[in-house]
Structure formats: structure tokens, C-alpha cells
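Take a look at the letters that make up each chain.
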Amino acid sequence: MNSEQILEHFTETNALLEGHFLLSSGLHSPNYLQCALALQYPADAARFGRAISEHYLDAGIETVASPAIGGLVIGYSVAAAMNVRFLWTERQSCEMTLRRGFTLKPRERILVVEDVITTGGSTRECIAALEANGGKVVAAASIIDRSNGTADVGVPRIALASLDVPSYAEGECPLCVDGGRPVKPGSRA
Ligand SMILES: [Zn+2]
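Residues numbered from 1 in each chain as written. Predicted model: local features only at pLDDT ≥ 70, side-chain atom pairs only at ≥ 80, totals over all residues. Heavy atoms only, no water.

Colleague: Describe the pattern of salt bridges, and please don't skip the residues or the numbers.
Modeller: Side chains bearing opposite charge may pair, as long as their charged atoms lie close to each other. Taken as a whole and assessed by the stated rule, the structure comprises six salt bridges. Its salt-bridge partner being Lys-105, residue Glu-62 comes within 2.5 Å of it at the nearest N-O pair. Residue Glu-62 is located in the loop between helix H3 (42-53) and strand S3 (63-67), and its partner Lys-105 is located in the loop between strand S5 (95-98) and strand S6 (109-117); the two are separated by 43 residues in the primary sequence. What makes Glu-62 partly exposed here is its relative accessible area of 28%. (Salt bridge = Lys/Arg side-chain N within 4 Å of Asp/Glu carboxyl O. Helix = DSSP H or I, 4+ residues; strand = E, 2+ residues; numbered from the N terminus. Buried < 20%, exposed > 50% of the residue type's maximum accessible area, 1.4 Å probe, protein only.)

Encoded structure:
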């Protein structure tokens, strides 16, 4: 499955939205990837999961972990393809934490999986939470890289496809200059 086929799938499933969006990173963008739409059929999620897992056949991955909620479906799919366990981190009063009784053995080898990486913030926070619990995050992966390859998460990172969509800091956004107001993705029907 090459990058082109992946982006085609996103377009076909309306996972690539157009408008004026306020991203969770605080940046504004004329595009938003609603990855959940691209992953709603388990067979599609499984295909993406296998494609990511193929990069780590010999990496000795013991566990796949994802930051909730965005990473849950793809992370689970990667873990299923690798036949390893899956767990997630989630925010508790803003701070990314490992909850629900999940524990790690010392230096447990973990692959962190996200749906989309824009700034890498969620992945970095997920990695920090896992390492605070004794894990060893050896790599990170996402379906889509929106960072032009620039997001540094502190470990080697791959993405199945790169999508160059502009994003702007508030105050530098041409869509705002045109008088539009950004919407939070998912907040408009
Ligand atoms: Zn704007």
C-alpha cells in the first residue's frame, strides 16, 4: 500500500476535510484529517495496521501503545498485526498518564502509534508517560505525517504517507484575515 493509495482512501472516505479548522495543536488550517472516517471499517484499519507493522518485523517490539483517543483504532490494529499487547495513555487533568491498571516491565520495548502527527505533541507526551512507568519506547509511527518530516518525537519515526497541508499560528492565518472563524473539527455536523 503506497502513499498515494492511502491518500486516495482518505479522500474516498471523506477523511480529508476542507474548511477552516482549529487543530488540537492550536494551529489553524484549511484542511483537517478526520482519520476516524478512514478507519471505520475494521478491514481498512487492519490494512493500515499491517502496513505499519511491516516496518518493525525485527524490532523486538513487545507492546504497542497509543495516545487516546486518536491513536486507539490504528494502535490496536498494529498490535493485532504484530500479535503483541496494546495499551494506551490518556489525559487526566491535562497530563498524559498511564491508567486503568496498565503496567510495564522495566525497559519493555514499545512502539508508539498515532493516526496523524502534526507537531508530534501527543506522541511525545505518550512517550514521556510510558517512560515514566519504566518502558523503553524504541520507535513511533503514524498513518499520516503532516509535519513535512519535521516533527521530532525523540525516537525514530515513520509514517505511511506524508500530506503537505498548510497550518498557521493564530494571527498569521489568511483564513482569519478573510474574516472567517475557525471551527473545531467534529463540532460542525
Ligand atoms: Zn484562522
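Once you've had a look at it, read on.
Colleague: Lay out the nonpolar core with the relevant residues and their values.
Modeller: In this structure, Phe-10, Ile-52, Val-64, Leu-111, Ile-143 and Ile-144 are the most contacted members of the largest nonpolar core, which totals 31 residues. For this core, the secondary-structure elements that each account for two or more residues are helix H1 (3-12), helix H2 (35-38), H3, helix H4 (72-82), S6, strand S7 (136-145) and strand S8 (157-162). A total of five residues in this core trace back to one element, the largest contributor, which is S7. Excluding its chain neighbours within four sequence positions, the residues that come into contact with Val-64 are Gly-75, Val-78, Ala-79, Met-82, Val-84, Arg-85, Phe-86, Leu-87, Leu-111 and Val-113. The next biggest cluster of nonpolar side chains, apart from the first, holds 15 residues, and it includes Leu-98, Ile-127, Ala-151 and Val-155. (Core = buried A, V, L, I, M, F, W, Y, C linked by side-chain atoms within 4.5 Å. Contact = heavy atoms within 4.5 Å.)

Colleague: I'd like to hear about the pairing of strand S1 (residues 16-22), residue by residue, with values.
Modeller: Pairing between S1 and strand S2 (residues 28-33): five bridges, direction antiparallel. When the sheet's bridge partners are listed, Phe-21 is paired in S2 with Ser-29. (Pairing = 2+ DSSP bridges.)

Colleague: Please set out the side chain of Thr-13 residue by residue, giving values where relevant.
Modeller: In this structure, Thr-13 sits in the loop between H1 and S1. Given the relative accessible area of 19%, Thr-13 is considered buried. Engagement of the side chain of Thr-13 in a polar contact is seen with the backbone oxygen of Phe-10, the distance being 3.3 Å. If sequence neighbours within four positions are ignored, Thr-13 has contacts with Leu-37 and Ala-38. (Polar contact = N/O pair within 3.5 Å; in protein donor to acceptor, adjacent residues only side chain to side chain.)

Colleague: Outline the coordination of the zinc ion, listing residues and values.
Modeller: The protein atoms that coordinate the zinc ion are His-20 (NE2), His-28 (ND1), Cys-173 (SG) and Cys-176 (SG), at distances spanning 2.1 to 2.3 Å. The sequence pattern describing where the donors of the zinc ion fall on their chain is H-x7-H-x144-C-x2-C. Pair noted here: His-28 is in strand S2 and Cys-176 is in helix H6 (residues 174-177), with a separation of 148 residues, a long-range link. Of the residues examined, His-28 reaches a relative accessible area of 2% and is grouped as buried. (Donors = N, O, S within 2.8 Å, 3.2 Å for Na, K, Ca; no water.)

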